[in-house]
Structures are given as C-alpha cells and as structure tokens.
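# A structural walkthrough
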Amino acid sequence: MILETFAVGPLQCNCTIMGDEEAGEAIVIDPGDEVDRIQRRLTELGLMLKQILVTHAHIDHVGGALKLKRLTGAPIYLNENDLPLLDMMASQAAWLRTATPETAPPDENLTDGLVVGLERYPALVLHTPGHTQGSICLHFAPLKMVIAGDTLFAGSIGRTDLPGGSFNQIIDSIHSRLLALPDETRVLPGHGPATSIGAERKTNPFLHMQ
Ligand SMILES: [Zn+2]
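Thresholds, definitions, all that
Along every chain, residues carry numbers that run from 1 in the direction the sequence is written. pLDDT decides what is reported in this predicted model: residues at 70 or higher carry local features, side-chain atom pairs at 80 or more are listed and counted, and totals for whole chains, interfaces and linings draw on all residues regardless. Neither water nor hydrogens contribute to the side-chain values; these are computed over all heavy atoms in the structure. We call an atom a donor if it is N, O or S and sits within 2.8 Å of the metal, or 3.2 Å for Na, K and Ca. Water is not counted, so some sites may look partial. Buried residues are those whose accessible area, probed at 1.4 Å on protein chains only, stays under 20% of the maximum for their type, while exposed residues exceed 50% and partly exposed ones sit between those limits. Helical segments are the DSSP runs of H or I of at least four residues, strand segments are the runs of E of at least two, and each set is numbered from the N terminus. For the purposes of these results, a polar contact is taken to be a pair of N or O atoms within 3.5 Å, where, inside protein, one atom must be able to donate a hydrogen and its partner to accept one; residues adjacent in sequence count only when each atom of the pair is a side-chain atom. In this description, contact between two residues means that some pair of their heavy atoms is separated by no more than 4.5 Å. Paired strands are those between which DSSP finds at least two bridges. As used in this record, nonpolar core signifies buried Ala, Val, Leu, Ile, Met, Phe, Trp, Tyr and Cys residues forming a set joined through side-chain atoms within 4.5 Å. Helix axes are fitted only over the stretch in contact, all axes being lines through C-alpha atoms; the angle between N-to-C directions runs from 0 to 180 degrees. Handedness of a crossing is defined here by the sense of rotation of the near helix relative to the far one, left-handed for an anticlockwise turn of less than a right angle and right-handed for a clockwise turn. Residue classes follow a fixed rule: Ala, Val, Leu, Ile, Met, Phe, Trp, Tyr, Cys and Pro count as nonpolar, while Asp, Glu, Lys and Arg count as charged, and any other residue, Gly among them, counts as polar.

## Points about the coordination of the zinc ion
- Of the protein atoms, only His-56 (NE2), His-58 (ND1), His-131 (NE2) and Asp-150 (OD) coordinate the zinc ion, at distances of 2.2 to 2.4 Å.
- By relative accessible area, which is 3% here, His-131 ends up buried.

As structure tokens, then:
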C-alpha cells in the first residue's frame, strides 16, 4: 500500500494519496490546493485516480477538487450537507484573500455508512457534523486508521465558529463516532501531526469538558 500525506496550500491542509500498487489505483483525500503537485505524484507512482474524497467543503480542503477531476476524470465525493458551503466559495476565498477556485456539485454524496476507497483498502464513511454540517471521517478499519478531516486534531478539535459550525454537535460526533473506535486506531487529521484515538481519549482537553 502507498500512503502519502503532505500539507498543501496556505492553510497547510493535509492531502492524502492512498494507492494500491498491484491494482495501479489510487484515491486522493482533500486536494485543497497544489493540484499539479498531486497529479505529478500520481503519475510518478503510476497510479490511476479512482475517487476524490473531500472531508468537508472548506476552501482549504475542497479548493483543488474540480481541477483534479478535470485532469484525471475521477469523480468527486462530498457530503451534500456541505453544499451551502460550496456555494459560499467566493466568501471563503475572500476570508483568505485568495482567488476563488472553481467548484462544481459532487458526483456522489458521501453519506453516512457508504463504503468508499479502493477494493483492497475500503473505508466506511462516518458522518460527523459540527465543524461543518457535512463533515465526514473515513474509517479504514482493516488498516486501523481514520482520516478525521477538521473534526479531531492532535490535542484539539475543529473550530465551530464558521457558518454551519456547532460546538455541541462536534463534541457529540467525536464522542459517539470517533471515540467508539479502538484506542490503537491511527488518526490522520486535516491539519497537523498524526495521533491515535487512545492518545486523544486520554489527553485531548476538549474531550474532558462534559
Ligand atoms: Zn475546515
């Protein structure tokens, strides 16, 4: 298995390439920016892109999705509860003082319970609203790994002061969906370093407020 995570764009969103070298196939999660770099890496690895998975529709995570789709033909998956945020791309770009990336509605709704990813490395979609209404996490159970988007970070949680955010909801999502996973589950957050469910369960200050 190929698993490469690297930070892209001014907000340093963690973009992940997961590939199956035998099948010659890959998925990309959160191509927020630097699409040429992502595309170059896929070519270097000799992988055909099958799915573009977006954890939520903030500009730093979704900004490059349509460009990557145009370059590769891969469909975009996004939870439809984030469609209002997709429509707000111009204001999102204005907050960051960057150009507005072109976006389009997703090809598939990344709905709770859907199984996505590669045949040998499937992921279950966990709908975890709170950071945004359409925020999702991807649980790769056989790999003991979860891609957490901006729901859970090492020692922190996603901000809830932007449109569609809810503090009570994100806390509830983390407790009911993410902390339900085994302690050894590796967590790849949308920004910053990797962690584990066990480490966050023990030490994350936001998870001991209730
Ligand atoms: Zn975000």
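Now that the structure is up, let's keep going.
## Side note on the side chain of Gln-51
- Along the polypeptide, Gln-51 turns up in strand β4 (residues 48-53).
- By relative accessible area, Gln-51 is classed as buried at 11%.
- In this structure the side chain of Gln-51 is engaged in a polar contact, spanning 2.8 Å, whose partner is the backbone nitrogen of Gly-117.
- Residues contacting Gln-51, with those up to four places away along its chain left out, are Ala-26, Ile-27, Val-28, Ala-74, Pro-75, Tyr-77, Val-116 and Gly-117.

## Digging into the sheet that holds strand β8 (residues 122-127)
- As summarised here, the arrangement of the 6 strands in space is β7-β8-β9-β10-β13-β14, forming an open sheet in which the pairing is mixed. Every other strand in the sheet has two partners, leaving β7 (115-117) and β14 (195-196) as the edge strands with one partner each.
- Where strand β10 (residues 145-149) lies against strand β13 (residues 186-189), 4 bridges are found, and the strand directions are parallel. Each residue of the ladder has a partner; that of Gly-149, found in β13, is Pro-189.

## Looking at the nonpolar core
- In this structure, Val-28, Ile-38, Leu-42 and Ile-52 are the most contacted members of the largest nonpolar core, which totals 28 residues.
- Residue contacts for Ile-52: discarding those within four places in its chain leaves Val-28, Pro-31, Ala-65, Leu-68, Lys-69, Thr-72, Ala-74, Pro-75, Ile-76 and Tyr-77.

## Brief notes about the packing of helix α1 (residues 35-45) against helix α3 (residues 65-72)
- At a minimum axis separation of 10 Å, α1 and α3 run at an interaxial angle of 35 degrees. Judged by the twist between their axes, the crossing of α1 over α3 is right-handed. Facing Val-35, Asp-36, Ile-38 and Gln-39 of α1, the residues of α3 in contact are Lys-67, Leu-68, Leu-71 and Thr-72.
- Here the residues of the contact of α1 with α3 are counted per class, giving 4 nonpolar, 2 polar and 2 charged.

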